[in-house]
Amino acid sequence: MWNKTKITELLGIQYPILQGPMGGGFSTAELLAAVSNNGGLGSYGAYTITPEEILEAAKIIKTKTDKPYNINLWVSDVDKSLASYPPESLEKVKTLFKPYFDELGIPLPELSTDIPSKFEKQVEALFEIRPAVFSFIFGIPSKEILAEARRLGIKTVGAATTLDEALALEEAKVDAIVAAGFEAGGHRPSFLRPAQDSQTGLFTLIQQLKAKTATPIIAAGGIADAKGIAAALTLGADAVQLGTAFLATDESGATPLHKDLLFSDGSKHTTLTKSLTGRMGRMIANKISDEIKFETEVLPFPLQTRLIAPLKVAALEQGRTDMVSFWSGQNTATLKHHKAGELMQALIKETSQLLAL
């Protein structure tokens, strides 16, 4: 049976289909539950929220599902360069973006480089909740954190954009590895080399990991339907993770405008840019990503996010969608489901038909 794999056994789920753990307000308890209750693994991206908010989210999740689910955190949630970032560089970048603020008639925000990491405290909250799965990106947690997860019976899942990163995760004895192909929407979670030097396509990455590692593989990037699932499993993946397809559903926290765009021809052109957050991510190309070239210096993460935040709000209020950043993977051509539960049922049925098992 196609749905019986190392991942389904490891995580205690019925089907090897995972929902991408989208942070920044895109994850909801409703989306997570729709996936978990239909036999997959729902996820909650929690890197932007406080430990207290994580605990509160878990209470809501508990009212909607008793099935396994995943909480995702960022090991590196503040760029190291931020601690000593020169004031003159900060002003230079603000000046670079000032024309966009002027165009919308809003002032530049006051910014501080004093942004502490939340990761350690978030992990404490996660351990209190004890979800079935703790996934993470942008690095590897300490040996102590991974050991405590094992003691608590929490499965650990790290993300790799290259074979070297997968080998590092295997050395750390994580339970599973997400092979994050460059087709995926959202941030590129590279941690050994710069993201721009770590752009391996998903099909190549699956085969590299299958040949050189023994840890179960979760394929992510450009998978939006049953054909993508069947292809990834055939290449050797033990499960798949879908992000954009679930982002487009009614249950996600994306705005209606964002969802409409994902179902339109406007999502055909995606780009890799640092202009939104300071870290490379794939989104639908817009005026800012087109004009602020990748090699242009922007603020370290997450300070760039704080610079852009009021611009996004004003652009939405004024209907200037050409200046709003919308995350998306490369493959939106086959999106058709608006309900997460219906998407899950279609993926299960159609994958079963394709693999004839």
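Below is a summary of the structure that appears in this document.

Reading the values: the criteria
- For every chain, the first residue of the written sequence is number 1, and numbering continues from 1 onward in sequence order.
- Note on the predicted model: pLDDT of at least 70 is required for a residue's local features to be given, and 80 or more for side-chain atom pairs to be given and counted; whole-chain, interface and lining totals, by contrast, use all residues.
- Only hydrogens and water are removed before side-chain values are computed, so all heavy atoms of the structure are retained for them.
- By definition, any uninterrupted DSSP run of H or I lasting at least four residues is a helix, any uninterrupted run of E lasting at least two residues is a strand, and each is numbered from the N terminus.
- Radius of gyration means the value over C-alpha atoms here, while the globule rule gives 2.2 Å times the residue count to the 0.38 power.
- Residues are treated as being in contact if the distance between any of their heavy atoms lies within 4.5 Å.
- Computed with the Shrake-Rupley method and a 1.4 Å probe, the accessible areas treat only the protein chains shown as cover for residues.
- Here Asp and Glu are counted as negative and Lys and Arg as positive; His is not counted, and neither are the chain ends.
- In plain terms, the charge of a residue is placed at NZ if it is Lys, CZ if Arg, CG if Asp and CD if Glu.
- Multiply 1.5 Å by the residue count of a helix minus one, and that product is the helix's expected span.
- One fitted axis covers the seven residues ending at a residue, a second covers the seven starting there, and the bend at that residue is the angle between these axes.
- In this scheme, a residue with accessible area under 20% of its type's maximum is buried, one over 50% is exposed, and one in between is partly exposed, where area comes from a 1.4 Å probe on protein chains only.
- DSSP bridges decide pairing: two strands pair if at least two such bridges lie between them.
- Under this scheme, a helix contributes an axis fitted over its contacting stretch, all axes are lines through C-alpha atoms, and angles between N-to-C directions fall in the 0 to 180 degree range.

This part takes up the overall build of the protein chain. Check the secondary structure of the protein chain and you find 14 helices and 12 strands. Against the globule reference of 21 Å for 357 residues, the protein chain gives a C-alpha radius of gyration of 20 Å, in line with a compact fold. Expressed along its principal axes, the backbone C-alpha trace of the protein chain runs to roughly 60 × 45 × 40 Å. In the protein chain, once contacts between residues fewer than 6 apart in sequence are set aside, the share between residues at least 24 apart is 67%. A total of about 15,300 Å² of accessible surface is found on the protein chain, and carbon and sulfur atoms cover 52% of it. Averaging the coordinates of the 36 positive side-chain charges in the protein chain and doing the same for the 40 negative ones gives two points 4 Å apart.

Let us look at helix 13 (residues 303–317). Along its 15 residues, helix 13 runs 23 Å from first to last C-alpha, staying within 8% of the 21 Å computed at 1.5 Å per residue. For helix 13, the principal kink sits at alanine 309 and spans about 30 degrees; a proline, proline 310, occurs within the next four residues. Every buried residue belonging to helix 13 is among Leu303, Gln304, Leu307, Ile308, Leu311, Ala314 and Ala315, and all of these are buried. Elements that come into contact with the buried residues of helix 13 comprise helix 4 (87–104) and helix 12 (287–291). Glycine 319 sits one or two residues past helix 13 and shows a positive phi near 70 degrees.

Pairing is parallel across the open sheet formed by eight strands, whose spatial order is 1-9-8-6-5-4-3-2. One side of each edge strand has no neighbouring strand; the edge strands of this open sheet are strand 1 (17–19) and strand 2 (42–45). If you compare each strand with its neighbour and ignore which way they point, the axes differ by 25 degrees on average. The strands that helix 2 (residues 29–36) touches are strand 1, strand 2 and strand 3 (69–74); relative to strand 2, the one it contacts most, it runs at about 155 degrees.

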